[in-house]
Amino acid sequence: MKKETSMLQNICNLMVSFSFCLIFVYIFLPYVTASVDILNRMSQQLESKDIDPTRYISTDVAQVKEAEDYFKTVFEDNRQARQ
Amino acid sequence: MAGFNDQALNETAAAQIKVWRDAEKKAESAGTKTVQKPYNYIPSLIALCVFFIVMLGAGIVLMGKSFSEFAKGFVIVFLIATLAYMFGGQAISRQYGFGAEAWGILLGMLIANTVGTPKWVLPACQVEFFIKTGLVLLGAEVLFGKILAIGIPGIFVAWVVTPIVLVCTYIFGQKILKIPSKSLNIVISADMSVCGTSAAIAVAAASRAKKEELTLAIGLSLVFTAIMMIALPAFIKAVGIPEILGGAWMGGTIDSTGAVAAAGAFLGQKAMYVAATIKMIQNVMIGVTAFCVAVYWCLRVDCTAGRTVGAGEIWLRFPKFVLGFLAASILFSLLDSNLSPGMADAILDQGVVRGGTKLLRDWFFALSFAAIGLSTNFRALTQYFKGGKPLILYACGQSLNLLLTLGMAYIMFYLVFPEITAKI
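These numbers come from a predicted model, not from an experiment.

## Re the overall build of chain B
Thinking step 1. Of regular secondary structure, chain B possesses 20 helices and zero strands.
Thinking step 2. For 424 residues, the compact-globule estimate of 2.2 N^0.38 gives 22 Å, and chain B sits close to it at 24 Å.
Thinking step 3. Going through the 424 residues of chain B one by one, you find that 51% of them count as buried.
Thinking step 4. Here the analysis covers contacts within chain B between residues at least 6 apart in sequence; of these, 77% occur between residues at least 24 apart.
Thinking step 5. A total accessible area of about 18,600 Å² is found for chain B, and carbon and sulfur atoms account for 70% of it.
Thinking step 6. Of the charged side chains in chain B, 32 are positive and 21 negative; the average position of the first set lies 11 Å away from that of the second.

Put into C-alpha coordinates, the structure is as follows:
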(Lines give C-alpha, C1' and ligand atoms only; values in the text may rest on other atoms or scores of the structure.)
Protein backbone atom coordinates (compact mmCIF):
# COMPACT_ATOMS: atom_id res chain seq x y z
CA MET A 1 0.00 0.00 0.00
CA LYS A 2 1.30 3.46 -0.94
CA LYS A 3 2.33 5.48 2.09
CA GLU A 4 0.83 8.98 2.12
CA THR A 5 3.13 11.78 3.28
CA SER A 6 1.89 14.83 5.12
CA MET A 7 2.21 18.35 3.74
CA LEU A 8 4.65 19.21 6.53
CA GLN A 9 6.81 16.25 5.59
CA ASN A 10 6.69 17.33 1.91
CA ILE A 11 7.73 20.90 2.79
CA CYS A 12 10.59 19.48 4.89
CA ASN A 13 11.69 17.34 1.95
CA LEU A 14 11.61 20.38 -0.35
CA MET A 15 13.65 22.47 2.10
CA VAL A 16 16.24 19.72 2.66
CA SER A 17 16.73 19.02 -1.04
CA PHE A 18 16.81 22.72 -1.91
CA SER A 19 19.39 23.38 0.84
CA PHE A 20 21.46 20.47 -0.44
CA CYS A 21 21.48 21.99 -3.95
CA LEU A 22 22.43 25.41 -2.60
CA ILE A 23 25.24 23.96 -0.48
CA PHE A 24 26.51 21.97 -3.45
CA VAL A 25 26.51 24.96 -5.81
CA TYR A 26 27.45 27.80 -3.49
CA ILE A 27 29.79 26.07 -1.01
CA PHE A 28 31.01 22.68 -2.25
CA LEU A 29 31.87 23.55 -5.89
CA PRO A 30 33.68 26.84 -5.05
CA TYR A 31 35.52 25.05 -2.19
CA VAL A 32 36.68 22.17 -4.41
CA THR A 33 37.70 24.64 -7.13
CA ALA A 34 39.73 26.73 -4.68
CA SER A 35 41.37 23.65 -3.13
CA VAL A 36 42.39 21.74 -6.26
CA ASP A 37 45.19 23.59 -8.01
CA ILE A 38 44.39 22.56 -11.59
CA LEU A 39 40.69 23.41 -11.18
CA ASN A 40 41.61 26.73 -9.67
CA ARG A 41 43.88 27.58 -12.61
CA MET A 42 41.17 26.56 -15.08
CA SER A 43 38.61 28.67 -13.24
CA GLN A 44 40.87 31.73 -13.28
CA GLN A 45 41.55 31.26 -16.98
CA LEU A 46 37.82 31.12 -17.75
CA GLU A 47 37.23 34.19 -15.63
CA SER A 48 40.04 36.18 -17.24
CA LYS A 49 38.82 35.29 -20.74
CA ASP A 50 35.17 35.82 -19.76
CA ILE A 51 34.05 32.41 -21.07
CA ASP A 52 30.72 31.02 -19.92
CA PRO A 53 30.54 27.23 -20.45
CA THR A 54 26.78 27.13 -19.82
CA ARG A 55 26.02 28.92 -23.10
CA TYR A 56 24.88 26.44 -25.70
CA ILE A 57 24.29 28.57 -28.83
CA SER A 58 27.20 30.04 -30.77
CA THR A 59 25.74 33.57 -30.84
CA ASP A 60 25.88 33.59 -27.02
CA VAL A 61 29.62 32.99 -26.96
CA ALA A 62 31.81 36.01 -27.68
CA GLN A 63 34.79 33.77 -28.56
CA VAL A 64 32.93 32.46 -31.62
CA LYS A 65 32.75 35.95 -33.13
CA GLU A 66 36.39 36.51 -32.18
CA ALA A 67 37.35 33.27 -33.97
CA GLU A 68 35.31 34.21 -37.03
CA ASP A 69 37.07 37.58 -37.26
CA TYR A 70 40.44 35.89 -36.77
CA PHE A 71 39.89 33.47 -39.67
CA LYS A 72 38.56 36.25 -41.90
CA THR A 73 41.75 38.26 -41.29
CA VAL A 74 44.06 35.24 -41.71
CA PHE A 75 42.51 34.08 -44.98
CA GLU A 76 42.24 37.64 -46.34
CA ASP A 77 45.92 38.39 -45.53
CA ASN A 78 46.98 35.18 -47.27
CA ARG A 79 44.89 35.99 -50.35
CA GLN A 80 46.44 39.45 -50.56
CA ALA A 81 49.96 38.05 -50.09
CA ARG A 82 49.43 35.64 -53.00
CA GLN A 83 48.23 38.46 -55.27
CA MET B 1 53.18 62.32 -25.01
CA ALA B 2 52.53 62.80 -28.73
CA GLY B 3 55.63 62.33 -30.90
CA PHE B 4 55.35 65.32 -33.32
CA ASN B 5 58.47 67.26 -34.30
CA ASP B 6 56.53 70.51 -33.94
CA GLN B 7 56.35 71.50 -30.24
CA ALA B 8 53.09 73.42 -30.75
CA LEU B 9 51.41 70.29 -32.11
CA ASN B 10 52.69 68.29 -29.13
CA GLU B 11 51.20 70.82 -26.72
CA THR B 12 47.83 70.82 -28.53
CA ALA B 13 47.77 67.01 -28.51
CA ALA B 14 48.67 66.92 -24.80
CA ALA B 15 45.91 69.44 -24.01
CA GLN B 16 43.36 67.43 -26.00
CA ILE B 17 44.41 64.16 -24.33
CA LYS B 18 43.93 65.86 -20.95
CA VAL B 19 40.43 67.01 -21.93
CA TRP B 20 39.59 63.48 -23.09
CA ARG B 21 40.96 61.93 -19.87
CA ASP B 22 38.95 64.35 -17.70
CA ALA B 23 35.78 63.54 -19.64
CA GLU B 24 36.50 59.82 -19.29
CA LYS B 25 36.98 60.21 -15.52
CA LYS B 26 33.74 62.17 -15.22
CA ALA B 27 31.82 59.53 -17.15
CA GLU B 28 33.35 56.79 -15.00
CA SER B 29 32.37 58.47 -11.74
CA ALA B 30 28.85 59.05 -13.08
CA GLY B 31 28.72 55.35 -13.98
CA THR B 32 29.63 54.21 -10.47
CA LYS B 33 26.76 56.28 -9.05
CA THR B 34 24.22 54.42 -11.19
CA VAL B 35 24.92 50.90 -9.92
CA GLN B 36 22.08 48.49 -10.66
CA LYS B 37 20.79 47.03 -7.39
CA PRO B 38 19.01 43.66 -7.50
CA TYR B 39 15.67 45.19 -6.46
CA ASN B 40 15.88 47.58 -9.45
CA TYR B 41 15.05 44.58 -11.62
CA ILE B 42 11.68 43.92 -9.96
CA PRO B 43 9.56 46.47 -11.91
CA SER B 44 11.03 45.37 -15.26
CA LEU B 45 10.51 41.71 -14.35
CA ILE B 46 6.86 42.39 -13.54
CA ALA B 47 6.47 44.23 -16.86
CA LEU B 48 8.15 41.32 -18.66
CA CYS B 49 5.83 38.81 -16.99
CA VAL B 50 2.78 40.84 -18.07
CA PHE B 51 4.19 41.10 -21.62
CA PHE B 52 4.63 37.31 -21.78
CA ILE B 53 1.15 36.68 -20.38
CA VAL B 54 -0.39 38.90 -23.06
CA MET B 55 1.75 37.61 -25.93
CA LEU B 56 1.67 33.91 -25.06
CA GLY B 57 -1.91 34.20 -23.84
CA ALA B 58 -2.95 35.27 -27.36
CA GLY B 59 -1.43 32.04 -28.68
CA ILE B 60 -3.17 30.04 -25.95
CA VAL B 61 -6.54 31.56 -26.93
CA LEU B 62 -5.87 30.75 -30.60
CA MET B 63 -5.21 27.15 -29.57
CA GLY B 64 -8.64 27.12 -27.94
CA LYS B 65 -7.43 27.01 -24.33
CA SER B 66 -8.38 29.18 -21.36
CA PHE B 67 -6.50 32.47 -21.07
CA SER B 68 -7.29 33.03 -17.39
CA GLU B 69 -6.13 29.55 -16.35
CA PHE B 70 -2.90 30.06 -18.29
CA ALA B 71 -2.29 33.54 -16.86
CA LYS B 72 -2.75 32.37 -13.25
CA GLY B 73 -0.30 29.50 -13.54
CA PHE B 74 2.17 31.39 -15.70
CA VAL B 75 3.12 33.68 -12.82
CA ILE B 76 4.59 30.65 -10.98
CA VAL B 77 6.40 29.34 -14.08
CA PHE B 78 7.86 32.81 -14.63
CA LEU B 79 8.89 33.01 -10.97
CA ILE B 80 10.71 29.66 -11.18
CA ALA B 81 12.48 30.79 -14.38
CA THR B 82 13.53 34.04 -12.68
CA LEU B 83 14.81 32.18 -9.61
CA ALA B 84 16.70 29.84 -11.96
CA TYR B 85 18.38 32.86 -13.58
CA MET B 86 19.24 34.18 -10.11
CA PHE B 87 20.70 30.94 -8.71
CA GLY B 88 22.36 30.14 -12.04
CA GLY B 89 24.42 33.31 -11.72
CA GLN B 90 26.98 31.69 -9.39
CA ALA B 91 30.20 32.13 -11.39
CA ILE B 92 32.06 29.00 -10.24
CA SER B 93 29.19 26.56 -10.75
CA ARG B 94 28.56 28.09 -14.19
CA GLN B 95 32.08 27.05 -15.07
CA TYR B 96 30.98 23.44 -14.55
CA GLY B 97 27.94 23.98 -16.77
CA PHE B 98 25.50 24.39 -13.87
CA GLY B 99 23.63 27.48 -15.04
CA ALA B 100 20.07 28.80 -15.28
CA GLU B 101 18.90 25.90 -17.47
CA ALA B 102 19.90 23.24 -14.94
CA TRP B 103 18.46 25.29 -12.08
CA GLY B 104 15.16 25.71 -13.94
CA ILE B 105 14.67 21.97 -14.33
CA LEU B 106 15.98 21.24 -10.83
CA LEU B 107 13.82 23.82 -9.02
CA GLY B 108 10.74 22.71 -10.94
CA MET B 109 11.42 19.03 -10.24
CA LEU B 110 12.06 19.66 -6.54
CA ILE B 111 8.67 21.35 -6.24
CA ALA B 112 6.85 18.78 -8.39
CA ASN B 113 8.27 15.82 -6.48
CA THR B 114 7.99 17.10 -2.91
CA VAL B 115 5.05 19.41 -2.30
CA GLY B 116 3.67 18.74 -5.79
CA THR B 117 2.95 21.27 -8.52
CA PRO B 118 -0.40 22.90 -7.76
CA LYS B 119 -3.09 21.85 -10.26
CA TRP B 120 -3.78 25.48 -11.23
CA VAL B 121 -0.13 25.88 -12.37
CA LEU B 122 -0.23 22.95 -14.80
CA PRO B 123 -2.21 24.75 -17.58
CA ALA B 124 0.74 27.16 -17.81
CA CYS B 125 3.35 24.41 -18.19
CA GLN B 126 3.15 24.65 -21.98
CA VAL B 127 6.58 23.15 -22.59
CA GLU B 128 6.07 22.49 -26.30
CA PHE B 129 4.65 25.96 -26.96
CA PHE B 130 7.57 27.73 -25.21
CA ILE B 131 10.17 25.54 -26.91
CA LYS B 132 8.75 25.92 -30.40
CA THR B 133 8.45 29.72 -30.05
CA GLY B 134 12.04 29.88 -28.82
CA LEU B 135 13.22 27.67 -31.66
CA VAL B 136 11.64 29.83 -34.37
CA LEU B 137 13.45 32.83 -32.85
CA LEU B 138 16.65 30.79 -32.74
CA GLY B 139 16.37 30.37 -36.52
CA ALA B 140 17.39 34.04 -36.88
CA GLU B 141 20.76 33.19 -35.29
CA VAL B 142 21.54 30.14 -37.45
CA LEU B 143 23.19 31.52 -40.58
CA PHE B 144 24.13 29.18 -43.42
CA GLY B 145 26.93 31.47 -44.63
CA LYS B 146 28.91 30.62 -41.49
CA ILE B 147 29.69 27.09 -42.64
CA LEU B 148 32.56 28.34 -44.79
CA ALA B 149 34.27 30.15 -41.90
CA ILE B 150 37.23 27.77 -41.73
CA GLY B 151 37.09 26.37 -45.26
CA ILE B 152 36.40 22.83 -46.48
CA PRO B 153 38.12 20.97 -43.56
CA GLY B 154 35.59 22.52 -41.16
CA ILE B 155 32.66 21.35 -43.30
CA PHE B 156 34.00 17.79 -43.37
CA VAL B 157 34.60 17.67 -39.61
CA ALA B 158 31.24 19.20 -38.70
CA TRP B 159 28.89 18.27 -41.53
CA VAL B 160 30.10 14.81 -42.57
CA VAL B 161 30.99 13.18 -39.25
CA THR B 162 27.95 14.54 -37.38
CA PRO B 163 25.19 12.92 -39.51
CA ILE B 164 27.13 9.64 -39.66
CA VAL B 165 27.40 9.55 -35.85
CA LEU B 166 23.75 10.59 -35.45
CA VAL B 167 22.42 7.83 -37.73
CA CYS B 168 24.81 5.14 -36.39
CA THR B 169 23.93 5.96 -32.77
CA TYR B 170 20.21 5.85 -33.54
CA ILE B 171 20.54 2.46 -35.30
CA PHE B 172 22.75 1.17 -32.45
CA GLY B 173 20.09 2.22 -29.94
CA GLN B 174 17.32 0.50 -31.89
CA LYS B 175 19.04 -2.68 -33.07
CA ILE B 176 21.59 -3.45 -30.32
CA LEU B 177 20.34 -1.74 -27.16
CA LYS B 178 16.69 -2.08 -28.19
CA ILE B 179 15.66 1.18 -26.53
CA PRO B 180 11.84 1.04 -26.42
CA SER B 181 11.29 4.75 -27.07
CA LYS B 182 12.42 5.85 -30.54
CA SER B 183 12.05 9.51 -29.60
CA LEU B 184 14.35 9.10 -26.56
CA ASN B 185 16.84 7.35 -28.82
CA ILE B 186 16.88 10.11 -31.44
CA VAL B 187 16.96 12.94 -28.86
CA ILE B 188 20.03 11.45 -27.12
CA SER B 189 21.68 10.72 -30.49
CA ALA B 190 21.16 14.32 -31.69
CA ASP B 191 22.08 15.79 -28.33
CA MET B 192 25.40 13.92 -28.34
CA SER B 193 26.32 14.25 -32.02
CA VAL B 194 25.07 17.71 -33.04
CA CYS B 195 25.39 20.35 -30.35
CA GLY B 196 23.93 19.37 -26.99
CA THR B 197 20.97 21.14 -25.43
CA SER B 198 19.90 23.20 -28.46
CA ALA B 199 19.85 20.16 -30.77
CA ALA B 200 18.09 18.10 -28.09
CA ILE B 201 15.35 20.72 -27.79
CA ALA B 202 14.87 20.98 -31.57
CA VAL B 203 14.84 17.23 -32.18
CA ALA B 204 12.60 16.58 -29.16
CA ALA B 205 10.05 18.98 -30.60
CA ALA B 206 10.41 17.50 -34.10
CA SER B 207 9.92 13.92 -32.86
CA ARG B 208 7.28 14.84 -30.26
CA ALA B 209 9.43 13.39 -27.46
CA LYS B 210 8.08 13.39 -23.92
CA LYS B 211 9.44 16.01 -21.53
CA GLU B 212 11.00 13.29 -19.36
CA GLU B 213 12.97 12.15 -22.39
CA LEU B 214 14.22 15.67 -23.05
CA THR B 215 15.12 16.11 -19.35
CA LEU B 216 17.11 12.87 -19.43
CA ALA B 217 18.97 13.85 -22.63
CA ILE B 218 19.82 17.33 -21.28
CA GLY B 219 20.96 15.84 -17.96
CA LEU B 220 23.27 13.38 -19.72
CA SER B 221 24.62 16.16 -21.91
CA LEU B 222 25.34 18.47 -18.94
CA VAL B 223 27.25 15.74 -17.07
CA PHE B 224 29.28 14.57 -20.08
CA THR B 225 30.00 18.15 -21.19
CA ALA B 226 31.41 19.06 -17.75
CA ILE B 227 33.63 15.94 -17.76
CA MET B 228 34.81 16.30 -21.38
CA MET B 229 35.49 20.03 -21.01
CA ILE B 230 38.15 19.24 -18.41
CA ALA B 231 39.32 15.76 -19.48
CA LEU B 232 39.72 16.30 -23.23
CA PRO B 233 42.19 19.25 -23.14
CA ALA B 234 44.13 17.46 -20.37
CA PHE B 235 44.35 14.32 -22.54
CA ILE B 236 45.34 16.32 -25.66
CA LYS B 237 48.11 18.06 -23.71
CA ALA B 238 49.32 14.79 -22.16
CA VAL B 239 49.46 12.95 -25.48
CA GLY B 240 50.93 15.92 -27.35
CA ILE B 241 48.26 16.28 -30.05
CA PRO B 242 48.85 19.50 -32.08
CA GLU B 243 46.81 22.51 -31.03
CA ILE B 244 44.78 22.81 -34.24
CA LEU B 245 43.95 19.11 -34.41
CA GLY B 246 43.01 19.19 -30.72
CA GLY B 247 40.81 22.24 -31.29
CA ALA B 248 39.00 20.62 -34.23
CA TRP B 249 38.54 17.43 -32.22
CA MET B 250 37.03 19.24 -29.24
CA GLY B 251 34.86 21.45 -31.45
CA GLY B 252 33.31 18.42 -33.08
CA THR B 253 32.75 16.38 -29.93
CA ILE B 254 32.03 18.53 -26.86
CA ASP B 255 28.31 19.33 -26.74
CA SER B 256 27.76 22.98 -25.82
CA THR B 257 29.45 25.94 -27.53
CA GLY B 258 30.45 27.63 -24.27
CA ALA B 259 32.15 24.47 -23.03
CA VAL B 260 33.91 24.09 -26.39
CA ALA B 261 35.32 27.63 -26.10
CA ALA B 262 36.38 26.88 -22.51
CA ALA B 263 38.11 23.61 -23.43
CA GLY B 264 39.77 25.31 -26.40
CA ALA B 265 41.03 28.12 -24.17
CA PHE B 266 42.70 25.56 -21.88
CA LEU B 267 44.75 24.37 -24.88
CA GLY B 268 45.61 27.73 -26.42
CA GLN B 269 44.33 30.65 -28.47
CA LYS B 270 44.41 28.89 -31.85
CA ALA B 271 42.79 25.75 -30.44
CA MET B 272 40.00 27.93 -29.04
CA TYR B 273 39.44 29.64 -32.40
CA VAL B 274 39.34 26.34 -34.32
CA ALA B 275 37.14 24.61 -31.72
CA ALA B 276 34.65 27.51 -31.51
CA THR B 277 34.41 27.76 -35.30
CA ILE B 278 33.84 24.01 -35.80
CA LYS B 279 31.08 24.17 -33.17
CA MET B 280 29.52 27.19 -34.88
CA ILE B 281 29.43 25.26 -38.19
CA GLN B 282 27.85 22.32 -36.34
CA ASN B 283 25.24 24.67 -34.82
CA VAL B 284 24.01 25.43 -38.34
CA MET B 285 22.94 21.77 -38.55
CA ILE B 286 20.21 22.20 -35.91
CA GLY B 287 17.51 23.19 -38.43
CA VAL B 288 18.50 20.62 -41.04
CA THR B 289 18.57 17.87 -38.38
CA ALA B 290 15.17 18.90 -36.99
CA PHE B 291 13.74 18.96 -40.54
CA CYS B 292 15.10 15.49 -41.42
CA VAL B 293 13.90 14.01 -38.11
CA ALA B 294 10.43 15.55 -38.59
CA VAL B 295 10.18 14.12 -42.13
CA TYR B 296 11.42 10.69 -40.97
CA TRP B 297 8.92 10.67 -38.08
CA CYS B 298 6.04 11.59 -40.40
CA LEU B 299 6.94 9.02 -43.04
CA ARG B 300 8.27 6.10 -41.03
CA VAL B 301 7.76 6.26 -37.27
CA ASP B 302 4.25 7.67 -36.85
CA CYS B 303 2.59 5.58 -39.56
CA THR B 304 0.98 2.17 -39.30
CA ALA B 305 2.86 -0.72 -40.91
CA GLY B 306 1.74 -1.50 -44.45
CA ARG B 307 -0.29 1.70 -44.78
CA THR B 308 0.82 4.44 -47.19
CA VAL B 309 0.56 8.00 -46.00
CA GLY B 310 -0.82 10.72 -48.27
CA ALA B 311 0.71 14.16 -48.75
CA GLY B 312 -2.18 15.77 -46.85
CA GLU B 313 -1.64 13.59 -43.82
CA ILE B 314 2.10 14.24 -43.88
CA TRP B 315 1.38 17.97 -43.90
CA LEU B 316 -1.01 17.60 -40.98
CA ARG B 317 1.49 15.63 -38.93
CA PHE B 318 4.54 17.70 -39.84
CA PRO B 319 5.65 19.99 -36.97
CA LYS B 320 5.23 23.44 -38.55
CA PHE B 321 7.70 25.14 -36.21
CA VAL B 322 10.50 23.46 -38.21
CA LEU B 323 9.35 25.43 -41.25
CA GLY B 324 9.31 28.62 -39.16
CA PHE B 325 12.81 27.86 -37.93
CA LEU B 326 14.13 27.19 -41.45
CA ALA B 327 12.32 30.24 -42.89
CA ALA B 328 13.89 32.53 -40.25
CA SER B 329 17.27 30.91 -40.80
CA ILE B 330 17.12 31.25 -44.61
CA LEU B 331 15.80 34.84 -44.45
CA PHE B 332 18.52 35.98 -42.05
CA SER B 333 21.19 34.04 -43.98
CA LEU B 334 20.17 35.86 -47.18
CA LEU B 335 20.18 39.23 -45.42
CA ASP B 336 23.57 38.45 -43.89
CA SER B 337 25.13 37.51 -47.22
CA ASN B 338 23.68 40.50 -49.08
CA LEU B 339 24.70 43.17 -46.58
CA SER B 340 28.27 44.40 -46.20
CA PRO B 341 30.09 42.74 -43.22
CA GLY B 342 29.92 45.88 -41.06
CA MET B 343 26.26 46.48 -41.89
CA ALA B 344 25.31 42.84 -41.27
CA ASP B 345 27.04 42.98 -37.90
CA ALA B 346 25.35 46.24 -36.91
CA ILE B 347 21.83 45.45 -38.15
CA LEU B 348 21.54 41.70 -37.66
CA ASP B 349 23.97 40.65 -34.94
CA GLN B 350 24.02 43.73 -32.71
CA GLY B 351 20.52 44.90 -33.64
CA VAL B 352 17.86 42.29 -34.35
CA VAL B 353 19.56 39.32 -32.64
CA ARG B 354 21.18 40.85 -29.54
CA GLY B 355 18.50 43.47 -29.08
CA GLY B 356 15.49 41.23 -29.62
CA THR B 357 15.36 37.60 -30.67
CA LYS B 358 18.22 36.45 -28.42
CA LEU B 359 16.70 37.97 -25.26
CA LEU B 360 13.27 36.51 -25.99
CA ARG B 361 14.70 33.14 -27.05
CA ASP B 362 16.65 32.92 -23.78
CA TRP B 363 13.48 33.58 -21.79
CA PHE B 364 11.37 31.11 -23.78
CA PHE B 365 13.92 28.37 -23.13
CA ALA B 366 14.19 29.35 -19.46
CA LEU B 367 10.39 29.15 -19.18
CA SER B 368 10.34 25.78 -20.92
CA PHE B 369 13.00 24.37 -18.56
CA ALA B 370 11.01 25.57 -15.54
CA ALA B 371 7.82 24.09 -17.04
CA ILE B 372 9.60 20.79 -17.80
CA GLY B 373 10.73 20.56 -14.17
CA LEU B 374 7.29 21.45 -12.79
CA SER B 375 5.63 18.70 -14.79
CA THR B 376 8.28 15.97 -14.47
CA ASN B 377 7.85 13.04 -12.15
CA PHE B 378 10.99 11.40 -10.75
CA ARG B 379 9.37 7.98 -10.96
CA ALA B 380 8.51 8.46 -14.64
CA LEU B 381 12.05 9.65 -15.28
CA THR B 382 13.65 6.59 -13.67
CA GLN B 383 11.54 4.35 -15.89
CA TYR B 384 13.26 5.81 -18.96
CA PHE B 385 16.63 5.18 -17.36
CA LYS B 386 15.92 1.46 -16.80
CA GLY B 387 19.01 -0.71 -17.36
CA GLY B 388 21.15 2.40 -17.88
CA LYS B 389 20.47 2.13 -21.63
CA PRO B 390 20.43 5.92 -22.25
CA LEU B 391 23.82 6.19 -20.53
CA ILE B 392 25.25 3.30 -22.59
CA LEU B 393 23.84 4.86 -25.77
CA TYR B 394 25.41 8.23 -24.97
CA ALA B 395 28.77 6.71 -24.02
CA CYS B 396 28.97 4.44 -27.08
CA GLY B 397 27.80 7.20 -29.46
CA GLN B 398 30.28 9.66 -27.98
CA SER B 399 33.12 7.12 -28.33
CA LEU B 400 32.31 6.72 -32.02
CA ASN B 401 32.07 10.49 -32.32
CA LEU B 402 35.51 10.92 -30.71
CA LEU B 403 37.12 8.36 -33.03
CA LEU B 404 35.54 9.58 -36.27
CA THR B 405 36.05 13.28 -35.51
CA LEU B 406 39.72 12.80 -34.63
CA GLY B 407 40.27 10.74 -37.79
CA MET B 408 38.44 13.21 -40.03
CA ALA B 409 40.15 16.24 -38.45
CA TYR B 410 43.58 14.64 -38.96
CA ILE B 411 42.84 13.71 -42.59
CA MET B 412 41.39 17.12 -43.45
CA PHE B 413 43.71 19.45 -41.54
CA TYR B 414 46.97 17.53 -41.97
CA LEU B 415 46.73 15.31 -45.08
CA VAL B 416 44.29 16.93 -47.52
CA PHE B 417 44.49 20.64 -46.64
CA PRO B 418 47.79 21.16 -44.79
CA GLU B 419 48.07 24.65 -46.39
CA ILE B 420 44.97 25.79 -44.49
CA THR B 421 46.43 24.47 -41.23
CA ALA B 422 49.70 26.26 -41.97
CA LYS B 423 47.83 29.57 -42.43
CA ILE B 424 46.02 29.21 -39.09
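On we go from here.
## Side note on a nonpolar patch on the surface
Residues and elements named next belong to chain B.
Thinking step 1. A contiguous nonpolar surface patch, about 510 Å² in accessible area, is contributed by Tyr39, Ile42, Ile46, Val50 and Val54.
Thinking step 2. In this fold, Val50 is placed in helix α2 (residues 41-62).
Thinking step 3. Judged by its relative accessible area of 46%, Val50 is partly exposed.

## Topic: the domain arrangement of chain A
Thinking step 1. Looking at chain A, the domain boundaries give domain 1 (1-49) and domain 2 (54-83).
Thinking step 2. Here the C-alpha centroids of domain 1 of chain A and domain 2 of chain A sit 37 Å apart.

## Comments concerning the interface of chain B and chain A
Thinking step 1. Contact residues are listed per partner, giving 58 residues for chain B and 45 residues for chain A.
Thinking step 2. Interface area for chain B against chain A, summed over the two sides, is near 4,800 Å², with a carbon-plus-sulfur share of 66%.
Thinking step 3. Along the contact surface separating chain B from chain A lie seven salt bridges.
Thinking step 4. Run the count over chain B and chain A and you get 17 residue pairs in polar contact (both at pLDDT 80 or more).
Thinking step 5. It is helix α13 (residues 269-283) of chain B that provides the largest number of residues to the side of chain B that touches chain A, a total of nine residues.
Thinking step 6. Each residue belonging to the side of chain B that touches chain A can be placed in one class, and the counts come to 31 nonpolar, 14 polar and 13 charged.

## Thoughts on the packing of helix α2 (residues 37-49) of chain A against helix α12 (residues 257-267) of chain B
Helix packing for two helices is described by the angle between their axes and how far apart those axes are.
Thinking step 1. Axis separation between α2 of chain A and α12 of chain B bottoms out at 10 Å; the angle between their running directions is 110°. By the angle between their axes, α2 of chain A is roughly perpendicular relative to α12 of chain B. Where α2 of chain A approaches α12 of chain B, its residues Met42, Gln45, Leu46 and Lys49 of chain A are matched on the opposing element by Ala262, Ala265 and Phe266 of chain B.
Thinking step 2. A per-class count over the contact of α2 of chain A with α12 of chain B returns five nonpolar, one polar and one charged.

Conventions used here
Residues numbered from 1 in each chain as written. Chains lettered and ligands numbered in written order. Predicted model: local features only at pLDDT ≥ 70, side-chain atom pairs only at ≥ 80, totals over all residues. Heavy atoms only, no water. Helix = DSSP H or I, 4+ residues; strand = E, 2+ residues; numbered from the N terminus. Rg over C-alpha atoms; globule rule 2.2 N^0.38 Å. Buried < 20%, exposed > 50% of the residue type's maximum accessible area, 1.4 Å probe, protein only. Contact = heavy atoms within 4.5 Å. Areas by Shrake-Rupley, 256 points an atom, 1.4 Å probe, with all protein chains shown as cover. Lys, Arg positive; Asp, Glu negative; His and termini not counted. Charge placed at Lys NZ, Arg CZ, Asp CG, Glu CD. Patch = residues over 30% accessible without salt bridge, like charges linked within 9 Å, V, L, I, M, F, W, Y side chains within 5 Å. Salt bridge = Lys/Arg side-chain N within 4 Å of Asp/Glu carboxyl O. Domains from an automatic or database assignment. Buried area = accessible area lost by both parts, 1.4 Å probe. Polar contact = N/O pair within 3.5 Å; in protein donor to acceptor, adjacent residues only side chain to side chain. Nonpolar A, V, L, I, M, F, W, Y, C, P; charged D, E, K, R; others polar. Axes fitted to C-alpha atoms, helices over the stretch in contact; angles between N-to-C directions. Parallel < 35°, antiparallel > 145°, perpendicular 65-115°, else oblique.

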